[in-house]
Amino acid sequence: ERPKDRLLGGLLSPEFDEASCLRNYESLHRRCGPNTELYNKSIEQLKSNASTRPSECNYVVWLESGGIGNRVISMVSTFLYALLNDKVFLLKLPDDFHGIFCEPFPGTSWILYSDFPIQDLDGFDISHPQIYGNIRKNNLLRNDMDAAKHSLPPYLYLYLIHDYSGFDKMFYCEEGQRLLRRFAWLFLKSNRYYVPAFFLNSEYSEELSLLFPEKATVFLYLSRYLLHPTNSVWGHITRYYESYVANAKQWIGIQVRMFGFAPFPFERMVSQIINCSLTGNILPEIVEEESAAPTTSGTNRKAAFAEIYLLSLSDALITSPFSTFGYVAQGLGGLRPWLLSYDCKARKKVDIGSVAPYLRHCEDFPHGVRLFD
C-alpha cells in the first residue's frame, strides 16, 4: 500500500497541521450539514421566524449571479468567508450547475435542498428591504444591538454584486463582520472575487497568514480543494487531452472573450493575439497570419467548465482582459491569478492598491486589485 501523501503532492505546506483548518471544517460540515439533527433544528428555528442568535451551527448560503466564471470566483470567496467565520458553506445550486462538481466535503452535502423554507432566494435584488445594506442604511441594524435585548431578523441577505452600495460594502469592514456573526443564517449573492478584502481585516490577518504563506496562491489552493469535476466533466477533459495534447512538448492556451459593450473585429483580435504571442516568445515565428472564424459556445455548462480546466493545464496561457472565464483558468492552473476587490476603509474613498504591500491594481481592470508576494 502506498504511503499517505499528507501534503497532497506538494500542494500543502510542510507546516500543515492535519488536526486544524480544513479537517476541522469538514468535521463541522458533517455535524451541521443538510439532514443532520443540528441542521433540522436550525431549520425549525428559521421557520418559526424567531430572532436570530449564533448557535453551534451557523450558515452562509451562496446564491449565483453571472456566468460560469463569475460563479466560480464568488463560490471560492464565499467558502473562504465561511472558513474564517466557522460557518457552514451551502449552495443554492442553479439548475444548469447540476452534474458539474462533485461533493467536496466527505460524508455530507453542500447543496441546499429544494424544500428549504425560504423560497424566494433567487429573486432578491439590490432593492430588497432585507438586504444588509438597506437595513444598515435605514439604521435598523446597529453594532450596539444585542440579540438578548433587541429583536434581530432571523436571517440576512448580503448583496455583493458589482452595482452594490456603500452600505453593502460595510460587509467588508471589521465592525460589519462582527455584526454578521450574530446571525445563524446568511444568504450571499455575488459575482465578484472578494477574497482580498479579508486580507485588509485585522481580525483575519493571523489566520490568513497561516493558511496562505504565499498570498499569490490563494485562489489556486481554495479552488483545487473545493472544485472537483464530476466524471462527466472529467470525461470531456481527458478525451480532448488524449486526442490533441498528450504528445505535445508544450501546450499554449488561448482564450478569447468578445464583449457586446465593446465591439472589436475578430480578425483584429486574432492579429493582436499573434503579435502578443510572438513578442512574448510564446509562439515560434513560423506562425502565419490568417483569418480564423470564432468558435461558437453552446449553453452546456459542463463543456464550459471542461474548457476552463483544460486552459488551466496549459504551459502558457493568453486570456482576454476583463474575462472571469480566463481569470478562473489562470487561478486553477496557478499561472497568474487576477483578483478583483473593492474600496472600503475609514468611510471614505481610498486607493485600495496602496494600502497594503501585498496588493496591486489589476493591469486589465485598474479598479480591482490582486494579491501577490
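Computed from a predicted structure; not experimentally measured.

## Some thoughts on the state of the cysteines
Think of a disulfide as a covalent bridge from one cysteine sulfur atom to another cysteine sulfur atom.
Phase 1: According to the stated counting rule, one finds one disulfide in the structure shown.
Phase 2: The partner cysteine of Cys 32 in its disulfide is Cys 57, sulfur to sulfur 2.0 Å. The disulfide joining Cys 32 to Cys 57 has a torsion of about -70° about its S-S bond and is therefore left-handed. Within this pair, whereas Cys 32 is found in helix α1 (residues 22-32), its partner Cys 57 is found in the loop between α2 (37-47) and β1 (59-63), the two being separated by 25 residues in sequence. Across the pair, Cys 57 and Cys 32 agree in class, each one buried.

## Here's the deal with the nonpolar core
Phase 1: Among the nonpolar cores identified, the biggest contains 95 residues, and Phe 79, Phe 89, Phe 116, Phe 171, Trp 185 and Phe 187 are the most heavily contacted of them.
Phase 2: At 11 residues, the largest contribution of residues to this core is made by helix α3 (residues 68-84).
Phase 3: Residues contacting Phe 79, with those up to four places away along its chain left out, are Leu 22, Tyr 25, Phe 89, Phe 105, Leu 222, Tyr 225 and Leu 226.

## Describing unusual backbone geometry
Phase 1: At Asp 86, a position not held by glycine, the phi torsion is positive, near 55°.
Phase 2: Tracing the backbone shows Asp 86 in the loop between α3 and β2 (88-91).
Phase 3: Here Asp 86 falls in the exposed class, since its relative accessible area comes to 55%.

## Topic: the pairing of strand β4 (residues 185-190)
Phase 1: Counting buried residues along β4, six of its six residues qualify, which places the element largely inside the surrounding structure.
Phase 2: Because side chains alternate across β4, one face comprises the buried residues Trp 185, Phe 187 and Lys 189, and the other comprises Leu 186, Leu 188 and Ser 190, equally buried.
Phase 3: As defined by bridge partners, β1 adjoins β4 across five bridges and the pair is classed as parallel. Looking at the pairing, Trp 62 lines up with Leu 188 of β4.
Phase 4: Bridging between strand β3 (residues 156-160) and β4 involves five bridges; their strand directions are parallel. Along β4, the bridge assignment pairs Leu 160 with Ser 190.
Phase 5: In the classification by handedness, the crossover that spans β3, the intervening helix α5 (residues 174-180) and the parallel β4 is right-handed.

Rules behind the numbers
Residues numbered from 1 in each chain as written. Predicted model: local features only at pLDDT ≥ 70, side-chain atom pairs only at ≥ 80, totals over all residues. Heavy atoms only, no water. Disulfide = S-S within 2.5 Å. Helix = DSSP H or I, 4+ residues; strand = E, 2+ residues; numbered from the N terminus. Buried < 20%, exposed > 50% of the residue type's maximum accessible area, 1.4 Å probe, protein only. Core = buried A, V, L, I, M, F, W, Y, C linked by side-chain atoms within 4.5 Å. Contact = heavy atoms within 4.5 Å. Pairing = 2+ DSSP bridges. Right-handed = clockwise from strand over helix to strand, strands pointing away.

Shape is all these values report; function is a separate question.
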